[in-house]
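# Per-entry structural report
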Amino acid sequence: MKVSDLLERYQWEKIPDSQGRFTLNQSKSLLSVEELIGSKDVEIKQHPSAHPQETIHIVELEDGGLISYQRQDATFIHTLNSENMFKRKQWELGIISFSPRQMPPEASDSL
């Protein structure tokens, strides 16, 4: 599955002042990650958030990824990210422990 597949399937809005990051319209906040992806062939990883009332769901796609924040009320904020922004955002969230900017090119290929 690719970022373009999800961009075509739903109405995404570009996140202001970002390159390659989109958020799903709030009217779709009740869609779970599983419903949004619509495929059992994709692995969904869960991580704790710095905000105790949230859980972070990560889905790696062929050319980027989905980062979804699940709130206590079971609603979601879904963000779709290009490959570079997906890695950068995971680093900012503390999910990966290295800055993608500091990685040699051959190391980023093995992620």
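My aim in this report is to walk through the structure given alongside it, one point at a time. (Residues numbered from 1 in each chain as written. Predicted model: local features only at pLDDT ≥ 70, side-chain atom pairs only at ≥ 80, totals over all residues. Heavy atoms only, no water.)

### Let's talk about the sheet that holds strand β4 (residues 54–61)
- The strand order across the open sheet built from 6 strands is β1-β2-β6-β5-β4-β3, with neighbouring strands paired in antiparallel fashion. Here the strands that pair on one side only, and so sit at the sheet edges, are β1 (12–14) and β3 (45–48). Sheet twist, expressed as the average angle between the axes of neighbouring strands with direction ignored, equals 25°.
- Here 4 bridges tie β3 to β4, and the two strands are oriented antiparallel to one another. (Pairing = 2+ DSSP bridges. Helix = DSSP H or I, 4+ residues; strand = E, 2+ residues; numbered from the N terminus. Axes fitted to C-alpha atoms, helices over the stretch in contact; angles between N-to-C directions.)

### Considering the pattern of salt bridges
- The tally for this structure, following the rule as stated, stands at 3 salt bridges.
- In this structure, E83 engages K87 in a salt bridge whose closest nitrogen and oxygen atoms are separated by 3.5 Å. Highlighted residues: E83 and K87, both in helix α3 (residues 83–92), separated by 4 residues, approximately one helical turn.
- For E83, a relative accessible area of 40% puts it in the partly exposed group.
- K87 sits in the buried class, given a relative accessible area of 13%.
- Across the pair K89 and E92 runs a salt bridge, and its minimum N-O distance is 3.4 Å. With K89 and E92 both in helix α3 and 3 residues apart, this pair spans about one turn of that helix.
- You can call K89 buried: its relative accessible area is 18%.
- Note on E92: relative accessible area 42%, which makes it partly exposed.
- Because the salt bridges share partners, they merge into one network encompassing R88, K89 and E92. (Salt bridge = Lys/Arg side-chain N within 4 Å of Asp/Glu carboxyl O. Buried < 20%, exposed > 50% of the residue type's maximum accessible area, 1.4 Å probe, protein only.)

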